[in-house]
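Observations on chain architecture
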Amino acid sequence: MPTIPPTSGAWVVDHAALGEYSPDCLRWEERPVTAPDGGVLVRTILLSIDPTTRNWLTLDRSKQFIPFGVGDVMIGSALGVVHVSDHPGFREGDIVTGLWGWSEYAAADPALLERHDDDAIPDEAFLSVFSHIGRAAAIGLLEIAALRPGDVVVVSGAAGATGSLAVQIAAARGHRVVAIAGGAEKCAYARSIGADAAIDHRSDDVAARLREECPDGIDVYFDNLGGATLDAVLATMAVGCRIALCGAMSQYDLADPDDAYGVKNLPQLLWHRARIQGYVVPDYAARYAEFDRVLLDLWRSGALTARADMLDGLQSAPEAVSRNLDGRNRGKLMVRVSGR
């Protein structure tokens, strides 16, 4: 059996992150590492930094997939290698993704692990295209919004991890895609991956640009931003518009909850016989294979790519959350914890 280190560096929740996020809600500790009893010990290779990371750190258990609190190791999606296994479904050396602690070595629940055997797919893609990220894009467009031929599709957060995949999926299916992103560079990137037009929500009049780019209205909106951008879309819907609410990044890091944006145009849902639906990826676990086939076919055809924004060292993880929230990330934000 491989040597098990006596301790492992880990990020532990110091206090709930309420209001504006600050990295000091996490503290660094050396935690003991023990042999797995019926489970799996993984060595973390890559850690995924996601918008939901910030939501989980409010310690509101209604938002947490795995409840945790003050004094517990922070949890997130990750890719790693099985260091020691006491479970028949996994062997030493298996490459796996799943949910486990922000730690160099971590105990992982086998029920939450997926093994990856395709050496043709790079590690980074297993935390972007072939993960909760890619599945969120596919589920949102194909199931929640139920794309139909001829739909005009608008995607916000279009240069981010999930939004960029949504742009490409819609473009690959022949839809006109209007991207909404923050800044000239991100707008240019969205156009480079298939968007027909791009709107800069930091400098453009979003409502006016939507009317210009979607003169007959918006059929599908894949929402990652919420707030004022959602309001602008509600004012520009076509009859029968479907809105897939994947995220609300503009509302996650408010210093005061009373500062939350009050959406004004909700009555437009009635007049346009439209609908808006939120969703979370784990609700569709029984159908992952169906959506994964879509993603794999697009990947193999070259119609789907992902760019990784990689930071080095587990020590950088708390600050990486800030980078994700303020839009400095360029693509799927990850932390490289160790090598293969």
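Everything discussed here concerns the structure shown above.
Residues numbered from 1 in each chain as written. Predicted model: local features only at pLDDT ≥ 70, side-chain atom pairs only at ≥ 80, totals over all residues. Heavy atoms only, no water.

1. Regarding the sheet that holds strand β13 (residues 275-278)
Read across the open sheet, the six strands follow the order β10-β9-β8-β11-β12-β13; overall the sheet is parallel. The outermost strands of the open sheet, each flanked by one partner alone, are β10 (197-200) and β13. Across this sheet, the average inter-strand angle for adjacent strands is 15°, counted without regard to direction. Bridge count for strand β12 (residues 237-245) against β13 is four bridges, and the pairing is parallel. By the bridge assignment for β13, Leu 245 is matched with Gly 278. Helix α4 (residues 184-192) rests against β9 (176-181) and β10 of the sheet, and its axis sits at about 160° to β10. Along the sheet, helix α6 (residues 227-234) contacts β8 (152-156), β9, β11 (218-223), β12 and β13; its crossing angle with β11, the most-contacted strand, is approximately 170°. (Pairing = 2+ DSSP bridges. Helix = DSSP H or I, 4+ residues; strand = E, 2+ residues; numbered from the N terminus. Axes fitted to C-alpha atoms, helices over the stretch in contact; angles between N-to-C directions. Contact = heavy atoms within 4.5 Å.)

2. Structural notes on the packing of aromatic side chains
Taken as a whole and assessed by the stated rule, the structure comprises three aromatic pairs. Look at Trp 11 and Trp 28: their rings are 5.2 Å apart centre to centre, the planes differ by 75°, and that puts the pair in the edge-to-face class. Of this pair, Trp 11 sits in strand β1 (residues 7-13) while Trp 28 sits in strand β2 (residues 26-32); the two residues are 17 residues apart in sequence, bridging distant segments of the chain. Of the residues examined, Trp 11 reaches a relative accessible area of 9% and is grouped as buried. Between Phe 126 and Phe 130, the ring centres sit 6.5 Å apart and the planes meet at 55°, which makes this aromatic pair tilted. Under the relative-accessibility criterion, Phe 126 is labelled buried at 5%. An aromatic cluster is built from Phe 126, Phe 130 and Trp 299, whose rings are joined through pairwise contacts. Directly above the ring of Tyr 288 sits Arg 135, whose terminal nitrogen or CZ lies 4.0 Å from the centroid. (Phe/Tyr/Trp six-rings, centres within 6.5 Å; stacked < 30°, edge-to-face > 60°. Buried < 20%, exposed > 50% of the residue type's maximum accessible area, 1.4 Å probe, protein only. Lys NZ or Arg CZ within 6 Å of the ring centre and 35° of its normal.)

3. So, the environment of Ala 145
Turning to its location among the elements, Ala 145 is positioned in the loop between α2 (132-144) and β8. Overall, the relative accessible area of 0% leaves Ala 145 in the buried class. As for Ala 145 and Ile 243, which are separated by 98 residues in sequence, their C-alpha atoms are 6.1 Å apart.

4. Regarding the packing of α2 against helix α3 (residues 161-172)
At a minimum axis distance of 8 Å, the contact between α2 and α3 shows a crossing angle of 50°. Taken as axis vectors, α2 and α3 run oblique relative to one another. Of the two elements, α2 crosses α3, and the hand of that crossing is right-handed. Taken together, the residues of α3 that come into contact with α2 (itself represented by Ile 133, Gly 134, Ala 136, Ala 137, Ala 138 and Leu 141) are Ala 161, Thr 162, Leu 165, Ala 166, Ile 169 and Ala 170. Per-class residue counts for the contact of α2 with α3 are 10 nonpolar, two polar and no charged. (Parallel < 35°, antiparallel > 145°, perpendicular 65-115°, else oblique. Left-handed = near helix turned anticlockwise from the far one by under 90°. Nonpolar A, V, L, I, M, F, W, Y, C, P; charged D, E, K, R; others polar.)

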